[in-house]
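Given next are the chains, with one letter for each unit.
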Amino acid sequence: MMSIAIIPSTSVLVTQFVFLISLLSFKVTSSSRTEAEALIQWKNSLSSSTFLNSSWALNNNENLCSWVGFVCGTTKTVFEIHLSQASLEGTLAQFDFNSFPNLTNFNLSFNYLNRSIPSAIANLSKLTFLDLSNNFFDGNIPFEIGQLEEFQYLSFYNNSLNGTIPYQITNLQKIWYLDLGWNYLESPDWSKFSTMPLLTHLNFSYNELASTFPEFITDCRNLTHLDLSQNHLTGPVPELVFRNLSKHKFLILAVNLFGGNISSSIGQLRNLHKLDLSANGFNSSIPRELGLCSNLTFLALAGNLLVGSLPLSLANIHKIEELGLSNNFLSNQISPHFFTNWTELVSLQLQNNQFFGKIPSEISLLKKLNILFMYHNKLNGSIPSEIGNLGELTSLDLLENQLSGPIPPTMGKLTKLNLLNLFYNNLSGTIPQEIGNMSSLVILDLNTNNLEGELPETMSLLNNLEILSLFTNNFSGMIPRDLGKNNLNLKNVSFSDNSFSGQLL
């Protein structure tokens, strides 16, 4: 028997099609409404949300994508939330993470959010970017964060998080930026940590890490920025840091308890722009291989136990802008060859060492120099007159050396100088008249030298002077009569152990 196909009428097909379309529309609307309800619930839980204007309203849920701080995808559901610097105050306890399955970017930085980071944040399975920095979150970092395998960027910088760093964080194999700095985090068992092959930026600074160097870092071969400063890390820095991490541009290990030698392998970090090993316990000489790091613009080795002379190879670091070698036991003469190459220097700090010999006249080549600190060494000879060519200088401190001879009149050309400390030397002669041209001086300290004669009348032109210390010299004669009248900012004046006459008006 032949079967007969029953073909539905056109009107029935149209009805079914419309019904299907309505279901699809209902699905989108329902998802948007779910997200809107979740956002309103969270907004209502905040103690301050003035930034969230009237666009945040359930009766406006059809225009969710126009709400302040949101970016939607083609499905009209929320893909990104940008509420940085929105003056939000409260917690994430009432934020329903389950309602945002498509969220990829979540930025709540620079607010006043507090309490713990909920473990439910792991439900944002598509999240690639999370920035909760500069808030007041506390408690532990939820280990569930390691489930968010799409993560590329994660910052909890500058909060009050504590406990150990969860090893599950190294499950984030796609991450390139990880910043947990400025918290109260403690050392975990680093042996449980895996390498993070795509990681380029890692910041664990200003925490409570107390262990040896985290070994997993030595296999993160794409690192360009590493900051472990201001912790309690001990022991030597592994050779593999210098051999494996050749892409490094910023290596910051300052204010820890690292010790031993600075490895000669450091010369392999040819891409370094900033190297900060200050305030540790390194007790070697400065390796000559450091001169191979010719892209350095910032070098800080201050506050260690370094010995020996400065290797001449450091002259190859011709891009250097800030150089800090203070508070060590470095010695020998300072080669003029350095100053012919370091012409980009803005700050040179060599204080509290054992350098001796003369200050090279080639120092005049440092035309961009703002800060020159060479105090508490054993430098001798006269102050080179060429120092007056450093027209950008704002701070000059040569105290407690063995400098002799007169104060060069060319110093009067240092019109931007705020600080001039020359005390505890063997300087002689008179104060030059040209000192009156140094109109920016705030502190002038020439005490405990062999200076003599009368004070120049031009000193009364130093209208910004606040501290004037001339005690224990051989000055005589009248104090300039206008010194007290014109220098109304003077707060501290010391003329004792001289032979002055008259009074300061």
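Residues numbered from 1 in each chain as written. Predicted model: local features only at pLDDT ≥ 70, side-chain atom pairs only at ≥ 80, totals over all residues. Heavy atoms only, no water.

Undergrad: Break down the sheet that holds strand 16 (residues 257–260) for me, citing the residues and quoting the values.
TA: Pairing between sheet strands relies on hydrogen bonds along the backbone, with the strands arranged either parallel or antiparallel. Strand order in this open sheet of three strands is 14-16-18, and the pairing throughout is parallel. The open sheet is flanked by strand 14 (234–235) and strand 18 (281–282), the only strands paired with a single partner. In this structure, strand 16 lies alongside strand 18, joined through two bridges in parallel fashion. Across the sheet, the residue bridging to glycine 260 is phenylalanine 282, located in strand 18. (Pairing = 2+ DSSP bridges. Helix = DSSP H or I, 4+ residues; strand = E, 2+ residues; numbered from the N terminus.)

Undergrad: So what's going on with the state of the cysteines? Which residues, and what values?
TA: For the structure on display, the rule yields one disulfide. Across the disulfide from cysteine 65 sits cysteine 72; the S-S distance is 2.2 Å. One quick way to see it: the torsion about the S-S bond of cysteine 65 and cysteine 72 is about -110°, and its sign makes the bridge left-handed. Look at cysteine 65 and you get partly exposed, because its relative accessible area is 35%. (Disulfide = S-S within 2.5 Å. Buried < 20%, exposed > 50% of the residue type's maximum accessible area, 1.4 Å probe, protein only.)

Undergrad: Please provide a residue-by-residue account of unusual backbone geometry, values included.
TA: The phi dihedral of asparagine 134 falls on the positive side, at around 55°, and the residue is not glycine. Looking at where asparagine 134 falls in the secondary structure, it is placed in the loop between strand 6 (129–131) and strand 7 (136–139). The backbone of aspartate 497 sits at a positive phi, close to 60°, despite the residue not being glycine. If you trace the backbone, aspartate 497 turns up in the loop between strand 35 (492–494) and strand 36 (499–501).

Undergrad: Give me the lowdown on the packing of aromatic side chains, citing residues and values where you can.
TA: With the rule as written, the count across this model stands at 25 aromatic pairs. Look at phenylalanine 213 and phenylalanine 258: their rings are 6.1 Å apart centre to centre, the planes differ by 45°, and that puts the pair in the tilted class. With phenylalanine 213 in the loop between strand 12 (201–203) and strand 13 (225–227) and phenylalanine 258 in strand 16, the pair connects residues that are 45 residues apart, well separated along the chain. On the accessibility criterion, phenylalanine 213 (2% relative accessible area) is buried. Among the aromatic residues, those joined into a ring-pair cluster are Trp42, Phe95, Phe97, Phe100 and Phe106. When the ring centre of phenylalanine 298 is taken as origin, the NZ or CZ atom of lysine 274, which lies over that ring, is 4.7 Å away. (Phe/Tyr/Trp six-rings, centres within 6.5 Å; stacked < 30°, edge-to-face > 60°. Lys NZ or Arg CZ within 6 Å of the ring centre and 35° of its normal.)

Undergrad: Could you give an account of the pairing of strand 5 (residues 112–115), naming the residues involved and the relevant values?
TA: Here strand 3 (residues 89–90) pairs with strand 5 via two bridges, running parallel. Bridged to glycine 90 within strand 5 is leucine 113. Where strand 5 meets strand 7, two bridges bridge the pair, whose relative direction is parallel. Bridge pairing links asparagine 114 to phenylalanine 136 in strand 7.

Undergrad: Outline the environment of leucine 366, listing residues and values.
TA: Examined against the element boundaries, leucine 366 turns out to sit in the loop between strand 24 (354–357) and strand 25 (371–373). Accessibility expressed as a relative area gives 0% for leucine 366, which makes it buried. Along the chain, leucine 366 and asparagine 389 lie 23 residues apart, while their C-alpha atoms are 8.6 Å from each other. In contact with leucine 366, other than residues within four places in its own chain, are Phe339, Trp342, Thr343, Leu345, Leu348 and Leu390. (Contact = heavy atoms within 4.5 Å.)

Undergrad: Quick rundown of the pattern of salt bridges? Include the residues and the values.
TA: Pairs can form between side chains of opposite charge once their charged atoms are near each other. Counted by the stated rule, this structure contains seven salt bridges. The residue glutamate 37 makes a salt bridge to arginine 33 at a minimum N-O spacing of 3.2 Å. Of this pair, glutamate 37 and arginine 33 are both found in helix 1 (residues 10–45), four residues apart, which corresponds to roughly one turn of the helix. Using a relative accessible area of 38% as the deciding quantity, one classes glutamate 37 as partly exposed. One salt bridge connects glutamate 392 with lysine 416, and the closest N-O pair in it is separated by 2.9 Å. Here lysine 416 lies in the loop between strand 28 (402–405) and strand 29 (419–421) and glutamate 392 lies in the loop between strand 26 (378–381) and strand 27 (395–397), a separation of 24 residues in the sequence. You can call glutamate 392 partly exposed: its relative accessible area is 33%. Residue lysine 416 is classed as partly exposed on the basis of its relative accessible area of 39%. (Salt bridge = Lys/Arg side-chain N within 4 Å of Asp/Glu carboxyl O.)

Undergrad: Account for the side chain of serine 211, with residues named and values stated.
TA: Mapped onto the elements of the fold, serine 211 is located in the loop between strand 12 and strand 13. Residue serine 211 is classed as buried on the basis of its relative accessible area, which comes to 16%. Of the polar contacts made by the side chain of serine 211, one reaches the side chain of serine 187; its length is 3.5 Å. Here tryptophan 190 takes part through its side chain, which lies 2.9 Å from a polar atom of the side chain of serine 211. (Polar contact = N/O pair within 3.5 Å; in protein donor to acceptor, adjacent residues only side chain to side chain.)

Undergrad: Can you tell me about the sheet that holds strand 11 (residues 184–186), naming the residues and giving the values?
TA: A sheet is described by the order of its strands in space; here five strands give the open sequence 3-5-7-9-11, paired in parallel fashion. What marks the edges here is a single partner per strand, and that holds for strand 3 and strand 11. Bridge count between strand 7 and strand 9 (residues 160–164): two bridges; the pairing is parallel. Within strand 9, the residue paired with glycine 139 across the bridge is leucine 161.

Undergrad: For the confidence of the model for the chain, give the residues involved together with the corresponding values.
TA: The share of residues in the chain with pLDDT of 70 or more is 92%, and the mean pLDDT across the chain is 92. Low pLDDT, under 50, characterises residues 1–30; the predicted model gives this stretch three contacts beyond four residues in sequence or across chains. (pLDDT = per-residue confidence, 0-100.)

Undergrad: Provide a residue-level description of the environment of leucine 444, including the pertinent values.
TA: Of note, leucine 444 is situated in strand 31 (residues 443–445). Here leucine 444 falls in the buried class, since its relative accessible area comes to 0%. Residues leucine 444 and serine 469, spaced 25 residues apart in sequence, show a C-alpha to C-alpha distance of 6.4 Å. What leucine 444 contacts, discounting residues up to four positions off in sequence, is Leu420, Ile435, Met459, Leu465, Ile467, Leu468 and Ser469.

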